[in-house]
Amino acid sequence: MPYYNSLARAIEDQEVAFEPGVHTSWAFHGADANAIDSIVNNVVAGFQPLASGTRGASLWGSGTYFARDARYVADGGFCGQPAIDGTRRMLACLLMSGIPCLGDPQHKGVLPFRKKPHRYNSSVDCLASPEIYITQQSGAAHAAYLITFR
């Protein structure tokens with residue numbers, strides 16, 4: 001995973017120890033059926049932060065949105081219309097959040113500097129206990145599981 005290795009090096013260059021589980025996490029992503037199929041079937045393209053947020057979901061800036069809790073994705077209407085059999089889908093993803101900053105609607109793909117020349121790696125809704133993560137890099141998330149539910 002090139003982004004993972006690059007992220008680890010960038011964090012360590014800032015004299016911070018890279019810790020999986022601190023700088024990475026599991027998160028959920030919902031989208032309509034076409035977007036889910038594209039993410040799953042085109043691993044080279046994967047998530048496309050520049051194309052994300054077409055539903056107007058840019059409260060904390062542009063990028064690809066992920067939730068800590070599956071219920072937020074399911075109940076928030078982020079899984080698109082149910083299929084004919086009533087099922088909906090979401091992705092459980094390994095998210096490489098790195099060192100996040102507080103999200104802001106003014107974030108348009110480039111996050112502020114943390115410690116020049118290093119920028120923050122992602123943004124969140126709350127620094128103390130994030131529920132929402134926003135990534136601006138296509139390699140920052142990997143879909144690990146496709147969850148189908150009613």
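Residues numbered from 1 in each chain as written. Predicted model: local features only at pLDDT ≥ 70, side-chain atom pairs only at ≥ 80, totals over all residues. Heavy atoms only, no water.

Moving on: the pattern of salt bridges. Applying the stated criterion across every chain yields a total of four salt bridges. Its salt-bridge partner being aspartate 37, residue arginine 89 comes within 2.8 Å of it at the nearest N-O pair. Highlighted residues: arginine 89 in strand E3 (residues 88-95) and aspartate 37 in helix H2 (residues 33-41), separated in sequence by 52 residues. With its nearest N and O atoms 3.2 Å apart, the salt bridge here joins arginine 68 to aspartate 69. (Salt bridge = Lys/Arg side-chain N within 4 Å of Asp/Glu carboxyl O. Helix = DSSP H or I, 4+ residues; strand = E, 2+ residues; numbered from the N terminus.)

Turning our eyes to something else, we now look at the environment of proline 49. Relative to the helices and strands, proline 49 is located in the loop between H2 and strand E2 (64-67). Measuring from C-alpha to C-alpha, the distance between proline 49 and aspartate 85 comes to 30 Å, with 36 residues separating the pair along the chain. Beyond its immediate chain neighbours, meaning those up to four positions away, proline 49 contacts Gly63, Thr64, Thr135, Gln136, Gln137 and Ser138. (Contact = heavy atoms within 4.5 Å.)

The subject of this paragraph is the pairing of strand E1 (residues 25-30). Extensive coverage of E1 is indicated by the burial of five of its six residues. Direction of pairing for E1 relative to E3: antiparallel, over a ladder of six bridges. Its bridge partner being in E3, glycine 30 is matched across the sheet by methionine 90. (Buried < 20%, exposed > 50% of the residue type's maximum accessible area, 1.4 Å probe, protein only. Pairing = 2+ DSSP bridges.)

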